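# Breakdown of the fold
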Amino acid sequence: MKSITINGSQRESVGKKATKALRNAGQVPCVLYGGDKPVHFSAEELAFSKLVYTPNAHTVVIALENGETYNAVLQDIQFHPVTDAIMHVDFYQLFEDKEITMEIPVVLVGNSRGVKNGGVLRKNKRSLRVKALPANLPDFIEADITPLRIGGKLYITTLENDAYKFMHPDNTVVCQVRRSRNSVADIDEDEEEEVEAAAAE
């Protein structure tokens with residue numbers, strides 16, 4: 001998985017007054033959890049643009065001024081209710097030998113035969129929650145919709161991979177092709193011959 005570097009400064013004071021001063025200076029207060037103890041630091045709000053305002057999933061390298069670096073993932077983010085400015089960010093530290101759960105975007109590939117016949121593609125899941133070691137986290141999950149007919153559904157079980165585990169029930173529908181007013185009969189040529197033969201009898 002691709003990684004984004006966040007350059008920050010460790011926070012000495014974590015009180016309300018110090019936090020307000022940070023925000024007034026264009027800094028975002030952050031906390032890194034998952035290690036021996038929480039690490040409090042701050043970073044410029046612009047540093048989060050490629051991490052927050054994107055549908056892609058990334059891991060994060062937190063690089064502090066004192067030379068310490070941490071591998072992490074975004075855990076939670078708080079926005080101002082009026083201005084949408086980033087108010088606070090929580091990260092969770094990664095360790096090579098510990099599995100992590102993360103939301104990974106779904107990318108649909110192929111041309112569904114059902115859509116070609118007038119059906120409407122509905123994307124039920126834009127992302128899927130997976131559990132894996134950090135090295136096995138994918139940038140995205142590819143779902144081939146080519147075989148989907150009108151009325152067909154793509155279940156999560158068809159996307160199973162040895163590198164990671166899905167944290168969803170087996171009957172989770174990732175996408176489906178629904179019938180529309182413009183849809184036509186969606187059957188194979190051999191099925192059509194069977195239908196014609198049955199009608200002739």
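Calculation rules
- Residues numbered from 1 in each chain as written.
- Predicted model: local features only at pLDDT ≥ 70, side-chain atom pairs only at ≥ 80, totals over all residues.
- Heavy atoms only, no water.
- Helix = DSSP H or I, 4+ residues; strand = E, 2+ residues; numbered from the N terminus.
- Buried < 20%, exposed > 50% of the residue type's maximum accessible area, 1.4 Å probe, protein only.
- Contact = heavy atoms within 4.5 Å.
- 1 Å grid on protein atoms, 1.4 Å probe; cavity = no way out; pocket = protein on both sides within 12 Å on 5 of 7 lines; lining within 4 Å.
- Points joined across faces, edges and corners; volume = space filled by probe spheres on them.
- Nonpolar A, V, L, I, M, F, W, Y, C, P; charged D, E, K, R; others polar.
- UniProt positions renumbered as here; feature names shortened; annotations may be inferred.

Attention now moves to the environment of N136. Structurally, N136 is set in the loop between β9 (127–132) and β10 (141–144). In this structure N136 comes out as partly exposed when scored by relative accessible area, which is 34%. Along the sequence, N136 and I100 sit 36 residues apart, while their C-alpha atoms lie 10.0 Å from each other. Sequence-distant contacts of N136, defined by excluding residues within four places in its chain, comprise A163 and Y164.

To continue, consider the layout of surface pockets. Of the pockets and cavities examined, the largest pocket occupies roughly 440 Å³. In this structure, the largest pocket is lined by 20 residues; those nearest its centre are A57, L74, Q75, M102 and E103. Of all the secondary-structure elements, those providing two or more residues to the lining of the largest pocket are α2 (49–52), β5 (69–79), β7 (100–109) and β9. No other element matches the six residues that β7 contributes to the lining of the largest pocket. Taken together, the residues of the lining of the largest pocket break down into 11 nonpolar, six polar and three charged.

Turning our attention to the UniProt feature "domain: Large ribosomal subunit protein bL25 beta" (unreviewed entry) in the protein. UniProt marks residues 99–179 with the feature "domain: Large ribosomal subunit protein bL25 beta" (unreviewed entry), using the numbering shown here. Annotation note: span residues 99–179, helix share 5%, strand share 43%, distance between end C-alpha atoms 40 Å.

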